[in-house]
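Examining the three-dimensional arrangement
Residues per chain are reported as follows:
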Amino acid sequence: NFVNSRSEKLTREEVYKKIKLFSDCYIEFRNDGYNILEIKVDEQPDGTAMGFSEGMYKYDGILESGEFQHFEGPYKLYMRREDNYWSIFNFVMPGFEL
């Protein structure tokens, strides 16, 4: 399950649907770039871990008309490790909201 910034739980299918709705608004994404500013991991004795990566992210979404929308700002990925597999359970990205 994913958790959004309002602490609402979302299924993987709900998140995929939101991503698809967002990406369907644009015919292309260009000029993307990012800077990683920090990565932290909190390892637990049982082998699980919580972690995040944060920094800055930018990109342009190209509309069908040829116009573009520029997005730029902080990003953050929240992850957990269970059974030696990392999974993302929340993310913050400029221009998109879970």
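Residues numbered from 1 in each chain as written. Predicted model: local features only at pLDDT ≥ 70, side-chain atom pairs only at ≥ 80, totals over all residues. Heavy atoms only, no water.

1. Focus: the confidence of the model for the protein chain
This is how it is decided: Every residue carries a pLDDT, the predictor's confidence in it, which falls somewhere between 0 and 100. Helix numbers and strand numbers start at the N terminus; a helix is a DSSP run of H or I with at least 4 residues, a strand a run of E with at least 2.
On average, residues of the protein chain score 93 in pLDDT, and 100% of them reach the 70 mark or higher. Confidence, expressed as mean pLDDT per element, reaches its minimum in the protein chain at strand 1 (residues 2-3) with 86 and its maximum at strand 4 (residues 49-62) with 97.

2. With respect to the sheet that holds strand 5 (residues 68-82)
Cut-off, in case you're wondering: One bridge is not enough; two strands pair if DSSP finds at least two bridges between them. Interaxial angles span 0 to 180 degrees and are taken between N-to-C directions of axes, which are lines fitted to C-alpha atoms, for helices over the stretch in contact.
One open sheet holds the four strands; their spatial order is 3-4-5-6, and the pairing between them is antiparallel. Single-partner strands in this sheet number two, and they are strand 3 (28-43) and strand 6 (85-92). Between one strand axis and the next, the sheet turns through 25 degrees on average, direction left out of account. Taken together, the 13 bridges between strand 3 and strand 4 define a ladder with antiparallel strand orientation. Across the sheet, the residue bridging to N35 is M56, located in strand 4.

3. Observations regarding the pattern of salt bridges
Put simply, the test is: Within this document, salt bridges are pairs made up of a side-chain nitrogen of Lys or Arg and a carboxyl oxygen of Asp or Glu, the two lying within 4 Å of each other. Burial status follows relative accessibility: with a 1.4 Å probe on protein chains alone, a residue under 20% of its type maximum counts as buried, one over 50% as exposed, and anything between as partly exposed.
Taken as a whole and judged by the stated rule, the model has seven salt bridges. We note a salt bridge from R6 to E97, for which the minimum N-O separation is 2.6 Å. One end of the pair, R6, is in the loop between strand 1 and strand 2 (9-10); the other, E97, is in the segment after strand 6, and 91 residues separate them in sequence. Of the residues examined, E97 reaches a relative accessible area of 56% and is grouped as exposed. E38 is the partner of K40 in a salt bridge, and the nearest nitrogen-oxygen pair spans 3.4 Å. Residue K40 is classed as partly exposed on the basis of its relative accessible area, which comes to 46%. Through salt bridges with shared partners, a single ionic network connects R6, E8 and E97.

4. A word on the environment of S5
Tracing the sequence through the fold places S5 in the loop between strand 1 and strand 2. Since its relative accessible area comes to 62%, S5 is described here as exposed. Note: C-alpha distance between S5 and E97 (92 residues apart in sequence) is 8.5 Å.

5. Some points on the nonpolar core
The following threshold applies: Grouping buried Ala, Val, Leu, Ile, Met, Phe, Trp, Tyr and Cys residues that are joined through side-chain atoms within 4.5 Å yields what is termed a nonpolar core. By the convention used here, residues are in contact when the closest approach between their heavy atoms is within 4.5 Å.
Counting 10 residues, the largest nonpolar core is built from F2, L10, V15, F22, Y26, Y59, F71, F91, F96 and L98. Filtering out sequence-adjacent residues up to four positions away, L98 remains in contact with F2, V3, N4, R6, L10, V15, K18, N90 and F91.

6. Some remarks on the packing of aromatic side chains
Cut-off, in case you're wondering: In summary, the pairing rule links any two rings of Phe, Tyr or Trp, Trp by its six-membered ring, whose centres are within 6.5 Å, and it sorts them by plane angle into stacked for under 30 degrees, edge-to-face for over 60 and tilted for everything else. Distance and angle both matter: a charge sits over a ring if NZ of Lys or CZ of Arg is within 6 Å of the ring centre and within 35 degrees of the ring normal.
According to the stated counting rule, one finds 11 aromatic pairs in the structure shown. An angle of 20 degrees between the planes, with centres 6.1 Å apart, marks the rings of F22 and F29 as stacked. The partly exposed category is assigned to F29, whose relative accessible area is 38%. Members of the aromatic cluster, joined through ring pairs, are F22, Y26, F29, Y57, Y59, F71, F91 and F96. Lying over the aromatic face of F52, K76 brings its terminal NZ or CZ to 4.3 Å of the ring centre.

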